[in-house]
Amino acid sequence: MTPRRSVILDLCVQAEFHTLLLLSLYLLFAGHNQPGGGFAGGLVASCAFGLRFVAGGSSALSRSISVPAITFLGVGMLFAILTGCVSLLTGHEFLESAIFSADLMVLGTVKASSVLFFDIGVYLVVLGMSLLLLEQLGGADGTDPDEVQP
Amino acid sequence: MSVLLVLPIILPLLAAALAIVASHHRTLQRIVAVGALIAVAVDSAFLLAVVERDGVQSVQMGAWPAPLGITLVVDMFSALMLVISMVTVLSVLIYAIGQPGVDQDQPVFHPVYLVMTAGVALSFTTGDLFNLFVAYEITLAASYVLITLGGRREQIRSGMTYIIINLLASTLFVVGIAWVYAATGTVNMADLAVKIAQLPSGTQTALSMFLLVVFGIKAAIFPLFFWLPDSYPTARMPVTAVFAGLLTKVGVYSIIRTQTLLFPQNRPSTILLVCAGLTMAIGVLGAIAQNDMKRILSFHIVSQIGYMILGLGLFSVAGVAGTVFFIFHQIPVKTALFLATGLVEQSTGSTALSKVGGMIRRTPLVAGLFLLAALSLAGIPPFSGFVGKLGIIQAGFGAGEYAIVGVSLVVSLLTLFSMIKIWNGVFLGTPEDPTLRLASATSEERLSTPVLMRGATVALVGVTLAIALFAGTLFDLSERAAQGLLDPSAYIQQVLG
Amino acid sequence: MSFFSALIVAVLFSVGVYLLLQRTLSRIILGLALMAHSANLLLMVVGGRAGKAPIVGAFGPEDSVADPLPQALALTAIVISFGVIAFLLAVAYRSWVLTQDDEVEDDLEDARIAQLGEAEMRRWWSRPK
């Protein structure tokens, strides 16, 4: 028997979902010099998808994302390791970081660190892990307690 | 040259990421995994050659200078451990690919196996106490997945025990690191070696014993080993084999590293010797009481750990050299025994001594492989086990610890007894259970097992025979490793400059 | 700050140990989580007093700066415990799906050997004198 969906929760999630994702991206980019970073950003993004799951169940969750969750994990890991390898290939030590700064016309001097790519990898890994959790423990794969073979 | 040090960690992780992305193409996963492990094994052999020629090697991750940054240090001991563990991991991977049902319907087997390899490599090469914790957690998290892969009832039950005990040990490890940091202000091992020597001796003893307990849970020494025979036998055989051969030895490696580098002593340590004696004795007595091959061998893991702690507890060059050689010999022998047991299980469906019998006629190759590995475990000359045990016993006589040497000789005899019990029960005699697969075929027909499984086991037993053949050279390398361990000034100088 | 923080660490750890010794799996997991949290809090406590942000070049020699290393250690430990406890929860869910109860089961081989031992004892005590 499907539980009744709460209208208030549905509307609130519609309002908050995209805001939460934007907040998670902000935390990701601001994480180098202020509180935040890849892990915090990934957790906030997972909260967004978790809200979708709580409001609508596993069907709403699987509608909200088209890539399988395990791909997030793999791509995130690749990002993180390749960031370290790039520094190896350019003659520095493994995981050595560099700071790039550029003078853009409207925004002024913009600085970014190569650690950002590592953080993006961490973000994707955390997001992928939470999506996998919600998918597996949320019963989306149809594990019915009465039909499982021990 | 610094690339050699980081490759054993990067390559498996990169291969794991690729294997996750390619999770629906089993062949691609296998190629990536085997290729990465072959590259890592070759790299660790090169690393051993470099360390043998040039001494301790180190590299700072991220180019942050020591003692602030994370150091990767490889001395002779780490290089020996890396080589033998990477070779063993490669053989077990090939065995697992050959065994039907291990990786066919499990898209995460290869990524998780590679992540575990990366964790083991990192724990052998790191020179930073918190990085050791991270390496442990990488290995453990991957092992949690491997031990519950398959999701059947007994796997979940024993996997649960394994996870809870190791999570407890990890929490205690964090507490230990917090106390070490509070006492000294650093977590870099070379820096700790300098700073711990300046602490009051009560604080030193407290930190030393706490870290001994934490690593002792992982290494399964007395009185902390009770989780091991409960959880190891129920996983799939390649998983049990690699756990038996590697993961407890990582714990022993950490005990050796911390007890020699951070808390150096030059007299035999009573507590380590007593622990070693009790571990050996209780392990082998537990093995005698069992009736299933996997359980007997699991108890033997515990018993052999006792030998390694015995050699360490003597704190002499001969003792530690014996321990280093013993670990080097034990990793492939233990794994080979479990792989041979897996071959028996693959052909008959059971490993209980009461049910299986007469395997010497049905699978003579498996019987031969098991015989070679079992004789090496029991310490019969000319196999590598004999050299290892002889080294430790001679060191014991040299240090004057006759009681513990007596215990170890009796335990060796009992080990031989339980190996003969397995031999009689499984390979000689006749099968006693009519419901077994092997009894339904004609009674003298040869049973076949997949080629990759047999090939991997043959290769690993070949490695143990090679260790026996080159025991002289390897024992010299072990002595050099022991000297570097008991006198860590070269290590400290290489890291701190 | 230090005394109360140390007290909280001790209380969390003891509650965690008490829960760890229970029979039902969900309480064991809660106990492990509490112990992990207390260990992370201990890492922060040994970092010393709170202070200014440790940015290079932004403070003089008299300023008290927060120690960044325990913060990094604690963050890493939190992430690790997040992953492992999530996995433990998944295993507990699977166990519930398979057995419909929440308890940690005994080891059958252990029980068998214990029974063998008891039978031996009874035979020894009731042997003809």
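In case you missed it, the structure is sitting above this.
Quantities reported herein were computed from a predicted structural model and do not represent experimental measurements. (Residues numbered from 1 in each chain as written. Chains lettered and ligands numbered in written order. Predicted model: local features only at pLDDT ≥ 70, side-chain atom pairs only at ≥ 80, totals over all residues. Heavy atoms only, no water.)

Student: Describe unusual backbone geometry, with residues and values.
Tutor: All names here are of chain B. Omega for the bond connecting Phe222 with Pro223 falls within 30 degrees of zero, at -5 degrees, which places this linkage in the cis form. Among the structural elements, Pro223 can be located in the loop between helix 8 (201-219) and helix 9 (228-231). Note the cis peptide between Pro381 and Pro382, where omega equals 0 degrees. One non-glycine residue, Ala220, lies in the positive phi region at around 60 degrees. With respect to the helices, strands and loops of the structure, Ala220 is situated in the loop between helix 8 and helix 9. Accessibility expressed as a relative area gives 0% for Ala220, which makes it buried. Although it is not a glycine, Phe315 sits at a positive phi angle of roughly 50 degrees. (Helix = DSSP H or I, 4+ residues; strand = E, 2+ residues; numbered from the N terminus. Buried < 20%, exposed > 50% of the residue type's maximum accessible area, 1.4 Å probe, protein only.)

Student: Please give an account of the packing of aromatic side chains that cites residues and values.
Tutor: Residues and elements named next belong to chain B. If you walk through the whole model with that rule in mind, you get 26 aromatic pairs over all chains. Ring centres 5.8 Å apart and planes at 15 degrees place the aromatic pair Tyr162 and Phe243 in the stacked group. Pair noted here: Tyr162 is in helix 6 (residues 153-184) and Phe243 is in helix 10 (residues 237-262), with a separation of 81 residues, a long-range link. The class for Tyr162 is buried, based on a relative accessible area of 0%. Members of the aromatic cluster, each reached through a chain of ring pairs, are Phe130, Phe133, Tyr136, Phe173 and Phe215. (Phe/Tyr/Trp six-rings, centres within 6.5 Å; stacked < 30°, edge-to-face > 60°.)

Student: So, the packing of helix 4 (residues 109-125) of chain B against helix 5 (residues 129-147) of chain B: which residues are in play, and what are the values?
Tutor: Residues and elements named next belong to chain B. Running from N to C, helix 4 and helix 5 point in directions that differ by 155 degrees, and their axes come no closer than 8 Å. The angle between the axes of helix 4 and helix 5 places the two elements in the roughly antiparallel class. In terms of crossing hand, the pair formed by helix 4 and helix 5 is left-handed. Contacts between helix 4 and helix 5 involve Phe109, Val112, Tyr113, Val115, Met116, Gly119, Val120, Leu122 and Ser123 on the former and, on the latter, Asn131, Leu132, Ala135, Ile138, Thr139, Ala142, Val145 and Leu146. Across the contact of helix 4 with helix 5, the residue classes break down as 13 nonpolar, four polar and no charged. (Axes fitted to C-alpha atoms, helices over the stretch in contact; angles between N-to-C directions. Parallel < 35°, antiparallel > 145°, perpendicular 65-115°, else oblique. Left-handed = near helix turned anticlockwise from the far one by under 90°. Contact = heavy atoms within 4.5 Å. Nonpolar A, V, L, I, M, F, W, Y, C, P; charged D, E, K, R; others polar.)

Student: Hey, could you go over the interface of chain A and chain C for me, with residue numbers and the actual values?
Tutor: Counting residues at the interface gives 13 residues for chain A and twelve residues for chain C. Here chain A meets chain C over a buried area of about 1,100 Å², counting both sides, of which 80% is carbon and sulfur. The tally of links between chain A and chain C comes to zero salt bridges. When residues of the side of chain A that touches chain C are traced back to their parent elements, those giving at least two are helix 2 (38-56) and helix 5 (115-137) of chain A. It is helix 5 of chain A that provides the largest number of residues to the side of chain A that touches chain C, a total of six residues. Residue classes in the side of chain A that touches chain C are distributed as nine nonpolar, four polar and no charged. (Buried area = accessible area lost by both parts, 1.4 Å probe. Salt bridge = Lys/Arg side-chain N within 4 Å of Asp/Glu carboxyl O.)

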